[in-house]
Amino acid sequence: MERRKFLTTASLGAAAGAGMLLSACGKKEEAAPQTAAPAAPAVVTGGETIRWRLASSFPKALDTIYGAAETFSAKVKELSGGKFEISVHPGGELVPPFGVLDAVQQGTVECAHTAPYYFFGKDESFAMDCTIPFGLNSRQTTAWMFQGNGLKLLRELYAQYNIVNFPMGNTGAQMGGWYRKEIKSLADINGLKMRIGGFGGRILAGIGGVPQNIPAGEIYQSLEKGTIDATEWIGPYDDQKLGLNKVAGYYAYPAWWEGGPQLTLYVSDKAYNSLSAEYKAIIECASAFAHVDMQAKYDARNPTALKELVAGGTKLFRLPKDVMDAAFKFSQEHYAELSAKNPNWKKIYADYEVFRREQHQWFRFSEAGFDSYMQSQKL
């Protein structure tokens, strides 16, 4: 399909379906070059090539979560006929992993790929662009963003930071972390030093834990040295790559704090607004393609990785009900407190809460009903 014809006819904003989007956007992508090109102003006329830099919050070794930015970059180049190139840089190469929001806001780089809940310290509302404890699952998050009010409400938030945001990936529901010993009751959480990302740490603290915010590249060493007692990252495929099973033998589920965490592309509004309508559409299409592609990779790779971990001696356990109940109760109380004091949170969460309620009423009969039957069968 010709590039211009595709961009004219495709409905890019809605990302209406995974199969439709994947086929429309073309052949399987190749990784974009990783050489750091100097930042250049966007050029939308003539034959000059646009060159942007993308700062990731993740290490290059994680081909799933970091790889989404490479997928995005390759698709942008493909759809632009090679005239729009975005070099991808791992966390720490251009800016620190947790410094990407400031870098895009200030125009240090044109774009970034990150987990927005890292920035809840600036405003708790950022977490709803990723995930909050006991929030939406991945499909529900995508529905809220593209067919509900999620994208509209979050665009209003990011406008305060000179950023245009695009959903770009989801890990799906995550595992509940690695521990040196099994958690058997809520009492075992008391004083537990745990690496936990974003908003979940605040809820963990509320039930007695001691949260630590540590980038992916430093988790193994922190757990090995005893700086922390436990850690969570994502799930079997990435956790195995980080070698977390070598320094902690107990693997919990589910991650009550990450039922469907979304990753996001941050684009400087100045850089974005200097693009032509065609190139803006390319950004939208390429990010949506990477959004679908990331979770497909996790869903395809996690089952084998989990089998390998268990075969290697990892002991699975379910987090006790009293831990789940305590975390749920505290989270709901905390959300009410935030609504009373944070206008941004109040506005976004009011919509999020209604959408979540209606989604779970539906999923109870559809997805959950089907899944619970299938998972009880001998396949």
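Please refer to the structure placed before this passage.
All values derive from a computational prediction rather than experimental measurement.

Here's the deal with the overall build of the protein
Step number 1: Secondary structure assignment for the protein yields 14 helices and 11 strands.
Step number 2: Counting every position in the protein, which comprises 379 residues, the buried fraction comes to 52%.
Step number 3: In the protein, once contacts between residues fewer than 6 apart in sequence are set aside, the share between residues at least 24 apart is 79%.
Step number 4: When the accessible surface of the protein is totalled, it reaches about 16500 Å², and 53% of it is carbon and sulfur.

Comments concerning the side chain of Thr171
Step number 1: Looking at the element boundaries, Thr171 is found in the loop between β4 (163-170) and β5 (178-179).
Step number 2: Assessed through its relative accessible area of 3%, Thr171 is described here as buried.
Step number 3: In this structure the side chain of Thr171 is engaged in a polar contact, spanning 3.0 Å, whose partner is the side chain of Gln174.

A few points about the nonpolar core
Step number 1: In this structure, Trp52, Phe72, Trp144, Tyr179, Trp233, Trp256 and Ile283 are the most contacted members of the largest nonpolar core, which totals 107 residues.
Step number 2: The leading source of residues in this core is helix α11 (residues 277-311), at nine residues.
Step number 3: Once residues within four sequence positions are removed from consideration, Trp233 is found in contact with Phe58, Leu62, Tyr118, Gln174, Arg195, Ala216, Ile219, Asp238, Asp239, Leu242, Leu244 and Glu258.

Side note on the sheet that holds β5
Step number 1: Reading across from one edge, β7-β6-β8-β5-β9-β11 is the order of the six strands in this open sheet, with mixed pairing throughout. Of all strands in the sheet, those bounded by a partner on one side alone are β7 (210-212) and β11 (315-318).
Step number 2: Relative to β11, strand β9 (residues 250-253) runs parallel, the two sharing four bridges. Within the sheet, the bridge partner assigned to Ala252 lies in β11 and is Phe317.

Structural notes on the sheet that holds strand β2 (residues 84-89)
Step number 1: Strand order in the open sheet formed by five strands is β2-β1-β3-β10-β4, and the pairing between neighbours is mixed. The sheet is open, and its two borders are formed by β2 and β4, each paired with just one other strand. Adjacent strand axes in the sheet meet at a mean angle of 25 degrees when their direction is disregarded.
Step number 2: Contacts between helix α5 (residues 138-146) and the sheet are confined to β4 and β10 (262-268), with β4 contributing the most and set at about 150 degrees to the helix.
Step number 3: Docked against the sheet, helix α6 (residues 150-159) engages β4 and β10, running at close to 130 degrees with respect to β4.

A few points about the pattern of salt bridges
Step number 1: Counted according to the given criterion, the structure contains 13 salt bridges.
Step number 2: In this structure, Lys122 engages Asp102 in a salt bridge whose closest nitrogen and oxygen atoms are separated by 2.9 Å. In this pair, Lys122 is assigned in the loop between β3 (111-114) and α5 and Asp102 in helix α4 (residues 100-105), connecting sequence segments 20 residues apart.
Step number 3: The partner of Lys329 in a salt bridge is Glu333, and the shortest N-O contact between them spans 2.6 Å. One end of the pair is Lys329 and the other is Glu333, both in helix α12 (residues 321-341) and four residues apart, which spans about a single turn.
Step number 4: For Lys329, a relative accessible area of 52% translates into the label exposed.
Step number 5: Judged by relative accessible area, which is 38%, Glu333 ranks as partly exposed.
Step number 6: Each of Asp63, Lys241 and Arg301 takes part in salt bridges that share partners, so that together they form one network.

Cut-off values and rules
Numbering of residues starts from 1 in each chain and follows the order in which that chain's sequence is written. Whole-chain, interface and lining totals are the exception, using all residues; otherwise, since this is a predicted model, local features are given only for residues with pLDDT of at least 70 and side-chain atom pairs are given and counted only at 80 or more. The basis for the side-chain values is all heavy atoms of the structure; hydrogens and waters are excluded. Helix and strand assignments follow DSSP, with helices taken as H or I runs no shorter than four residues and strands as E runs no shorter than two, numbered in order from the N terminus. Partly exposed residues are those whose accessible area sits between 20% and 50% of the maximum for their type, while under 20% is buried and over 50% is exposed, using a 1.4 Å probe and protein chains only. Residue contacts are defined here by distance: any two heavy atoms, one from each residue, within 4.5 Å place the two residues in contact. Methods summary: accessible areas were calculated by the Shrake-Rupley approach with a probe of 1.4 Å, and residue burial reflects only the protein chains presented. Any pair of N or O atoms that falls within 3.5 Å is considered a polar contact. Within protein, one atom must be able to donate a hydrogen and the other to accept it, and sequence-neighbouring residues count only if both atoms are side-chain atoms. What we call a nonpolar core is a set of buried Ala, Val, Leu, Ile, Met, Phe, Trp, Tyr and Cys residues that are connected through their side-chain atoms within 4.5 Å. When DSSP locates at least two bridges between a pair of strands, those strands are taken to pair. To define axes, lines are fitted to C-alpha atoms, for helices over the stretch in contact only, and angles between the resulting N-to-C directions are given on a 0 to 180 degree scale. The term salt bridge refers to a pairing of a side-chain nitrogen on Lys or Arg with a carboxyl oxygen on Asp or Glu at a separation within 4 Å.

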